[in-house]
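# Structural overview for review
In case you want the letters, here they are:
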Amino acid sequence: MWGICSRMVKVGMAKPCGVVKPCYLVKPVSSSRITGRYLSHQKGLPSLPVPPLQQTCERYITALEPIVEVDELTHTKELLDDFQKPGGVGERLQRGLERRACNTENWLSEWWVQVAYLDYRLPVVVHSSPGLVLPCMHFSDKQGQIRFAAKLIAGVLDFKTMIDNETIPVEYLGGKPLCMNQYYEVLSSCRIPGVKRDAVVNHAKSSRPPQHITVVHNFQFFMLDVYNSDGTPLTADQLCVQLDRICSSSLQANTEPVGILTTQHRDAWGKTYINLIKDRTNKESVSAIQRSIFTVCLDGPMPQVPTNAHRSRAAVQMLHGGGSLWNSGNRWFDKTLQFIVGEDGTCGANYEHAPAEGPPIVALIDHVVEYTRKPDTVPTAMAPLPMPKKLHFNITPELKKDIEEAKKGMNVLAEDLDMRVIVFEHFGKNVPKAHKMSPDAFIQVALQLAYYRMYQQCCATYESASLRMFRLGRTDTIRSASGAAAAFVKAFDDPNKQNTEKVDLMEKAVKAHKAYTNLAISGQAIDRHLLGLKMQAAEEKISIPKVFKDTSFAKALHYRLSTSQVPSKTDCVMCFGPVVPDGYGVCYNPMNQHINFAVSSFNTCKETNAADLAHAVENALLDMRTLLEQTPPRAKL
Ligand code: COA
Ligand code: HC5
């Protein structure tokens, strides 16, 4: 019923890029400020391998089995035989990739950023940029909002000091050190719209890195210097004074919400952008936003909802702002990092995904939250500070028309997005661990069960796997709809099956998931390799091999379940939109005793419902635990 127009399908089917221009993003950090410690760590990391061709082809067939028809599979096998034959196109492309791997820091990352982000043309809002909700903070008025925002800014600047000094502790996954490059990409950077392809600029690496942030209040932007002349960061008290001045000089939301332009389709925004920056004042204002270290959005109210919907509303506020009548215009969605502080204690962030994955952003936010919990310092006498600078925009009738169009588009999208946040209170990582199972694999298998119960079929499922064990690594795909998961979900509600058999199938499904995870994080999954082979064909200007054009490939990339685990120390809820019109976005944060889930879908799709899937996941988790508890270990097969 749906055309294939999803993000990840687009990734797979995207027009070849041809010559790939060097991209700021995935270049190693090399400014004069960044020196020894970081670089020597980075140098010690292994390079991303190119998996063996035959291995990927075999694993691809295995991955297709639960999600395509028998005749489709037979056809794909034939295509793969041809692709792999000695002296064939597969071997040629494989050799090309291996050459690329020898000549680049990471054969994949630059392509990935281009294809997954910069060439992707749907609005970044909902379709690409994730939201993050903090636990509700204890304030409920303007003064509280300003005070908290001031502390938050001070906390980010504290974290920035660690970035500037290269003292961020190296992270580990499975005992292996991770690439830390993404930490150097998230501050002082911004996406720039283009008519066909976007770009990202990072000003942290310039010889005179920015000293200001941008603050947006009542749709009006301000440039706020956050360092004193001696180079020390402004204190929370100083920031409070400055934010107060900003709020007092923007009491009414009576200006054009120019930020709403950043919610447009990227081609449309690319065109509008050219017009917008023809005017010198506008160009300077836009440049101040782009160069700023980050943006703080001091939000107005959100629509009233019943208490049990507060968390879902908060997720919506972070993901898209609620539409043009609420806070969607109080943003610059191209900005890599936007912190959002509501008037009622609702706080969080939205981030533009091209420069980094969730975990570095979450690490920064965990640090900030801890910082804001420190007791207030005793205020000291303050030297007068320069007035924050208002950023002006001259809005021509044409730009006014574009703003109205953007408002309409944003409101349609806001209406369309269905978001349900649930806190699964019954257990967290503790229960799967007690049963000697990987918690992440347990949750993924529960998701498979939930989906199967709703639709009586399995669907192509995406889970993000980190490739940060490798230099400049980003992500690969864990395909959760495995044969073992399919066997388990089909047996679970079958009254003819014994519990012992069901437990055995559950254990096999959980183990299969963990095994796929392990191969994915060690660079041996299939999806980025297949993408690389396809990109290599484009690079060598040879016709795209048939394996990348058949229905199996399209089905494999039509992710009705797009999922990601993003753990945090703080009790946060992370969220993102579905990547296909008839799919779900599921982001979860497993804590020890509970799990936070944010499930999204589109209202225009009659077959999907975020609350129904969230409820089905709760039931699946509970039923899986019950099965384990009711089946004594000795009786297990
Ligand atoms: N028995 C008991 N405990 C087990 C276990 C078992 N069989 N298997 C795992 N555990 C424990 C682990 O030791 C770990 O312990 P900890 O809580 O003390 O750290 C915990 O359970 C969690 O492990 P697990 O659930 O298996 O998952 P993981 O933490 O290894 O995460 C991924 C799996 C796929 C999420 C991770 O590898 C990854 O790639 N993360 C990045 C994802 C990402 O980038 N997301 C955002 C994209 S923008
Ligand atoms: C603050 C949480 C952000 C999570 C974002 C995330 O998981 O993005 C995925 C990135 C990737 O390359 O797998 C993409 N996804 C949202 C489509 C799963």
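Refer to the structure printed above.
Presented here is an overview of the structure given in this document.

Basis of the calculations
Residues numbered from 1 in each chain as written. Chains lettered and ligands numbered in written order. Predicted model: local features only at pLDDT ≥ 70, side-chain atom pairs only at ≥ 80, totals over all residues. Heavy atoms only, no water. Phe/Tyr/Trp six-rings, centres within 6.5 Å; stacked < 30°, edge-to-face > 60°. Helix = DSSP H or I, 4+ residues; strand = E, 2+ residues; numbered from the N terminus. Buried < 20%, exposed > 50% of the residue type's maximum accessible area, 1.4 Å probe, protein only. Lys NZ or Arg CZ within 6 Å of the ring centre and 35° of its normal. Pairing = 2+ DSSP bridges. Axes fitted to C-alpha atoms, helices over the stretch in contact; angles between N-to-C directions. Contact = heavy atoms within 4.5 Å. Expected span 1.5 Å × (residues − 1). Arc of directions from axis to C-beta. Salt bridge = Lys/Arg side-chain N within 4 Å of Asp/Glu carboxyl O. 1 Å grid on protein atoms, 1.4 Å probe; cavity = no way out; pocket = protein on both sides within 12 Å on 5 of 7 lines; lining within 4 Å. Points joined across faces, edges and corners; volume = space filled by probe spheres on them. Near = heavy atom within 4 Å. Polar contact = N/O pair within 3.5 Å; in protein donor to acceptor, adjacent residues only side chain to side chain. Areas by Shrake-Rupley, 256 points an atom, 1.4 Å probe, with all protein chains shown as cover. Nonpolar A, V, L, I, M, F, W, Y, C, P; charged D, E, K, R; others polar.

Counting across every chain of the model gives 19 aromatic pairs. Aromatic side chains W269 and W332 sit 5.8 Å apart centroid to centroid with 75° between the ring planes, which places their arrangement in the edge-to-face category. In this pair, W269 is assigned in helix α10 (residues 266-276) and W332 in the loop between α12 (310-319) and β9 (337-341), connecting sequence segments 63 residues apart. Taken as a pair, W269 and W332 share a single burial class, namely buried. Geometrically, the ring pair formed by F294 and F339 is edge-to-face, given 5.3 Å between the ring centres and 85° between the ring planes. Taken as a pair, F294 in the loop between α11 (280-291) and β8 (295-298) and F339 in strand β9 lie far apart in primary sequence, 45 residues in all. Considered together, F294 and F339 belong to a single accessibility category, that of buried residues. Put simply, the rings of F221, W269, Y273, W332 and F393 pair up and form one aromatic cluster. Lying across the ring of W111, R100 places its NZ or CZ 3.6 Å from the centre. When the ring centre of W112 is taken as origin, the NZ or CZ atom of R528, which lies over that ring, is 3.8 Å away.

Let us now look at the sheet that holds strand β17 (residues 584-590). In spatial order, the strands read β12-β18-β17-β15-β13-β14; together these 6 strands make up an open sheet with mixed pairing. At either margin of the open sheet sits one strand with a lone partner, and together these are β12 (417-424) and β14 (475-479). With direction set aside, neighbouring strand axes in the sheet form an average angle of 20°. Note that strand β13 (residues 461-466) and strand β15 (residues 561-565) share 3 bridges and pair parallel. Counted as the bridge partner of Y462 is S562 from β15. Where helix α16 (residues 439-455) meets the sheet, its contacts fall on β13, β15, β17 and β18 (595-602), and the angle it forms with β17 comes to roughly 150°.

Here the focus is helix α3 (residues 53-64). Compared with an ideal rise of 1.5 Å per residue, which puts 12 residues at 16 Å, α3 spans 17 Å between its outermost C-alpha atoms and is within 8% of the ideal. Those residues of α3 that sit buried are L53, T56, C57, Y60, I61, A63 and L64. One side of α3 holds all its buried residues, which, seen down the axis, span an arc of 165°. Residues of α3 that are buried make contact with α4 (70-84), α5 (89-103), β14, α19 (527-539) and α20 (551-556).

Turning our attention to the pattern of salt bridges. Pairs can form between side chains of opposite charge whenever their charged atoms are close. In total, this model carries 32 salt bridges according to the counting rule given. Where E352 meets R191, a salt bridge forms, and the shortest distance between an N and an O atom there is 2.9 Å. Note that E352 is positioned in the loop between β10 (347-351) and α13 (358-372) and R191 in strand β4 (residues 189-192), a separation of 161 residues in sequence. Relative accessible area serves as the criterion here: at 0%, E352 is assigned to the buried category. A salt bridge links R453 to D493; the shortest N-O distance between them is 2.8 Å.

Next up on the list: the layout of surface pockets. The computed volume of the second largest pocket comes to approximately 920 Å³. Along the wall of the second largest pocket there are 40 residues; nearest its centre are A309, H310, R311, S312 and R313. Of all the elements in the fold, those that place two or more residues in the lining of the second largest pocket are α12, α14 (397-416) and β12. Ranked by residues supplied to the lining of the second largest pocket, first place goes to β12 with 7 residues.

The environment of ligand 2 is made up of 17 residues, and the closest members are H353, Y462, S464, T475 and S564. Measuring from an oxygen atom of ligand 2, one finds a side-chain N or O atom of T475 at 2.6 Å. Here ligand 2 has 470 Å² of accessible area as a free molecule, and 97% of this is covered by the chains. Looking at the shell around ligand 2, the elements with two or more residues in it are α6 (109-118), β13 and β15. For the shell around ligand 2, the leading source of residues is β15, giving 3 residues. The residue makeup of the shell around ligand 2, split by class, is 9 nonpolar, 6 polar and 2 charged.

The next subject is the pairing of β15. Buried residues dominate β15, accounting for 4 of its 5 residues. Pairing analysis gives 5 bridges linking β15 to β17, with the strands arranged parallel. The partner of T563 across the bridge, within β17, is V586.

A few words on the site of ligand 1. In the region of ligand 1, 23 residues are neighbours, and K433, S438, D440, S466 and K514 sit closest. Contacts to ligand 1 include P439, whose backbone N or O atom sits 3.3 Å from an oxygen atom. Interatomic distance of 2.7 Å between a backbone N/O atom of D440 and an oxygen atom of ligand 1. Bound to the protein, ligand 1 loses 68% of the 970 Å² it would expose on its own. It is β13 that contributes the most residues to the shell around ligand 1, 4 residues altogether. Grouping the amino acids of the shell around ligand 1 by side-chain chemistry returns 8 nonpolar, 8 polar and 7 charged.

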